[in-house]
Amino acid sequence: MALLKVKFNQKKRVKLAQGLWLMNWFSVFAGIIVFSMGLFLKIELRKRSEVMDNSESHFVPNSLILVGILSCAFNGFAGKICYDSLDPAKFAKWKPMLKPYLALCFVFNILIFFVALICFLMRGSLDSTLAQGLKNGMKFYRDTDTPGRCFMKKTIDMLQIEFKCCGNNGYKDWFEIQWISNRYLDFSSKEVKDRIKSNVDGRYLVDGVPFSCCNPSSPRPCIQYQVTNNSAHYSYDYQTEELNLWRRGCREALLNYYSGMMSSMGAVILLVWLFEMSVMVGLRLLHTSLESISNPEDPECESEGWVLENSLKDTFKSALENLKKLGKFNQVEAGAEGAEGEEGGKTPAITTVS
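The shown structure was predicted, so the numbers you read here are calculated from the model rather than taken from an experiment. (Residues numbered from 1 in each chain as written. Predicted model: local features only at pLDDT ≥ 70, side-chain atom pairs only at ≥ 80, totals over all residues. Heavy atoms only, no water.)

Draft legend 1. Spatial organisation of empty space enclosed by the protein. Under the defined criterion, the tally for this structure stands at one cavity of 30 Å³ or more. By volume, the largest cavity is sized at about 70 Å³. Lining the largest cavity we find Asn24, Phe74, Asn75, Ala78, Tyr101, Cys105, Phe108, Asn109, Glu276, Val279, Met280 and Leu283. Broken down by secondary-structure element, the contributors of at least two residues to the lining of the largest cavity are α2 (59-84), α4 (95-121) and α8 (250-291). (1 Å grid on protein atoms, 1.4 Å probe; cavity = no way out; pocket = protein on both sides within 12 Å on 5 of 7 lines; lining within 4 Å. Points joined across faces, edges and corners; volume = space filled by probe spheres on them. Helix = DSSP H or I, 4+ residues; strand = E, 2+ residues; numbered from the N terminus.)

Set out below in structure tokens:
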């Protein structure tokens, strides 16, 4: 029994073709939106590529761009088919191409669904990418005189100001690295010498943070140096008082920003996928309804359209049998080739008569 069998007359076939033509052009517009989303996400990721460890994060925007381009191409082509289906003479040239085209549409819809899932599941990969990238970026913060790294100070400062964050996981991350350049340290000072000697790696570590960690909304002047020294500041206790530094780490801030953006895009892609599935089903009904016309010379006659010629269970069994036959055919071919090789390798016996 056919799946989703529908009876059509001439009027219904025309309405279906016209409706599909309109839906395909809506899908082209949706493809442009998906392409634009991918381009926007790629630009946003490139803005902060210095604080990302690898290029894996660009897999999502690249996939969105690809899906957007394919959507425009597939639906533009389908729109032309639907338009020509109103004229039997024009539609005849598309008949041999429709089955392969519908198979490609099915594969394309699987791709769209896969991309939508990736948008929701990329948070873990993005988390590790940001954690390592920010860690490396903070190490290079002081290298303002080193070619290739001199921009890192500005990048980190602008990032912390824009996203209202400090450090990788929090402001204390700055205590563990030397973020002040040696160029601005007085090595004749006893304090500087003592701090360097007290550290195994010979780094100048302080309980301070860059100015970009300061919260401008705080009524108190920013305490960015000697953060953990209560006696250095009047009426101050860093353990109980709400500091005038950003408490949130930049990894969390960026992760929430990008994962929120990707989740929104994933929801849009799922809507596009549902729309594409309905277009594919409609195109299949149009295809079968036009093929099942009993009398091609009488366009007014009724016909039947279906999504699958047999039930879902029978179609699945048939597909499995075809795969098994294909496997056996390949085995037979391989066996025949092996037999020919053995026959070719044998040397004929030569009998000598004395």
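Right, picking up where we left off after that structure.
Draft legend 2. Quick peek at the pattern of salt bridges. Summed over all chains, the structure comprises 11 salt bridges. The partner of arginine 48 in a salt bridge is glutamate 44, with the nearest N and O atoms 3.5 Å apart. The class of glutamate 44 is buried, set by a relative accessible area of 6%. When the shortest N-O distance is used, the salt bridge between lysine 190 and aspartate 194 registers 2.8 Å. Remark: aspartate 194 and lysine 190 occur in helix α7 (residues 190-197); sequence separation between them is four residues, near one turn of the helix. (Salt bridge = Lys/Arg side-chain N within 4 Å of Asp/Glu carboxyl O. Buried < 20%, exposed > 50% of the residue type's maximum accessible area, 1.4 Å probe, protein only.)

Draft legend 3. Main features of the packing of aromatic side chains. Using the criterion set out here, one finds 11 aromatic pairs in the structure. Aromatic pair phenylalanine 163 and tyrosine 257: ring centres 5.2 Å apart, planes at 75°, arrangement edge-to-face. Here tyrosine 257 lies in helix α8 and phenylalanine 163 lies in helix α6 (residues 152-163), a separation of 94 residues in the sequence. Owing to a relative accessible area of 29%, tyrosine 257 belongs among the partly exposed residues under this scheme. Ring plane angle 65° and centroid distance 5.1 Å describe the contact between tyrosine 257 and tyrosine 258, whose orientation is recorded as edge-to-face. An aromatic cluster of three or more residues is present, and its members are Phe74, Phe77, Tyr101 and Phe108. (Phe/Tyr/Trp six-rings, centres within 6.5 Å; stacked < 30°, edge-to-face > 60°.)

Draft legend 4. Representation of the state of the cysteines. The full count for this structure, using the stated rule, is three disulfides. Cysteine 165 shares a disulfide with cysteine 250; S-S distance 2.1 Å. For the disulfide bridge between cysteine 165 and cysteine 250, the dihedral angle about the S-S bond is near 85°, and by the sign convention the bridge is right-handed. Of the two residues, cysteine 165 is situated in the loop between α6 and α7 and cysteine 250 in helix α8; the sequence distance between them amounts to 85 residues. Each member of the pair cysteine 165 and cysteine 250 is classed as buried. Between the sulfur of cysteine 166 and that of cysteine 213 lies a disulfide, 2.1 Å long from S to S. Between cysteine 166 and cysteine 213, the S-S dihedral sits near 85°, and the bridge is therefore right-handed. Of this pair, cysteine 166 sits in the loop between α6 and α7 while cysteine 213 sits in the loop between α7 and α8, and the two are 47 residues apart along the sequence. Each member of the pair, cysteine 166 as well as cysteine 213, carries the same accessibility label: buried. When the cysteines of the chain that form disulfides are numbered from the N-terminus onward, they connect as 1-6, 2-3, 4-5. (Disulfide = S-S within 2.5 Å.)

Draft legend 5. Structural context of the environment of valine 14. Tracing the backbone through its elements, the reader meets valine 14 in helix α1 (residues 10-47). With 71 residues separating them along the chain, valine 14 and serine 85 place their C-alpha atoms 8.4 Å apart.

Draft legend 6. Representation of the UniProt feature "transmembrane region" (unreviewed entry) in the chain in the model. Residues given the UniProt feature "transmembrane region" (unreviewed entry) here are residues 20-41, 101-122 and 255-275. Helix makes up 100% of residues 20-41 and strand 0%, whereas the separation of the span's terminal C-alpha atoms amounts to 31 Å. (UniProt positions renumbered as here; feature names shortened; annotations may be inferred.)

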